[in-house]
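As a plain string of letters, each chain reads:
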Amino acid sequence: KQLTWNEELAAISFNVELTTPACPIKEEFQTQCHDLVLELEWVKEAEVTMTSQPLPVSDVADEETVGMKKVASVIAVSSCKGGVGKS
């Protein structure tokens, strides 16, 4: 998003929009985008800005959240072995 190109400076800038501002690999995405764009022979400068736009909450999700009010306890089960088949 917001792609701009300055031909005189051979400089490009753009935004990368994430679905959450708390993305754990945001800096990695930013570095990869920056480095990949600089590999283009006609680009001398690059500026990558990370933004976020959370996904809209659907009506279905709201109904599920309300339904959780009736749940007294939640139990998490883990075998520490991966895979499926936990009971």
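Our structure's up above, just so we're on the same page.
Summary of the structure given here. (Residues numbered from 1 in each chain as written. Predicted model: local features only at pLDDT ≥ 70, side-chain atom pairs only at ≥ 80, totals over all residues. Heavy atoms only, no water.)

Bringing the pairing of strand 2 (residues 11-18) into the picture now. Pairing geometry for strand 1 (residues 4-6) and strand 2, over three bridges, is antiparallel. Opposite N6, over in strand 2, you have A11 as the bridge partner. Where strand 1 folds back onto strand 2 in an antiparallel hairpin, the turn is made up of four residues, including A10, whose phi is positive at roughly 55°. Examined bridge by bridge, strand 2 and strand 3 (residues 45-52) share eight bridges and lie parallel to one another. The partner of A11 across the bridge, within strand 3, is E45. What joins strand 2 to strand 3 is helix 1 (residues 26-38), and the crossover it makes is right-handed. (Pairing = 2+ DSSP bridges. Helix = DSSP H or I, 4+ residues; strand = E, 2+ residues; numbered from the N terminus. Right-handed = clockwise from strand over helix to strand, strands pointing away.)

Inspection of the entire model under this criterion finds one aromatic pair. Ring centres of W5 and W42 lie 5.2 Å apart, and the angle between their planes is 80°; this geometry places the pair in the edge-to-face category. Taken together, the residues W5 in strand 1 and W42 in the loop between helix 1 and strand 3 connect sequence positions 37 residues apart. Residue W42 is classed as partly exposed on the basis of its relative accessible area of 47%. (Phe/Tyr/Trp six-rings, centres within 6.5 Å; stacked < 30°, edge-to-face > 60°. Buried < 20%, exposed > 50% of the residue type's maximum accessible area, 1.4 Å probe, protein only.)

By size, the foremost hydrophobic cluster in this structure holds 10 residues: I12, F14, V16, L18, C23, V37, V43, A46, V48 and M50. Elements with a contribution of two residues or more to this core: strand 2 and strand 3. Residue contributions to this core peak at four residues, all from strand 2. Sequence-distant contacts of V43, that is, excluding residues within four places in its chain, are made with W5, A10, I12, V37 and L38. (Core = buried A, V, L, I, M, F, W, Y, C linked by side-chain atoms within 4.5 Å. Contact = heavy atoms within 4.5 Å.)

This paragraph deals with the environment of D35. Position of D35 relative to the elements: it lies in helix 1. Along the backbone, D35 and V48 are 13 residues apart, and their C-alpha atoms lie at a distance of 9.9 Å.

Purely geometric numbers; function is a separate question.
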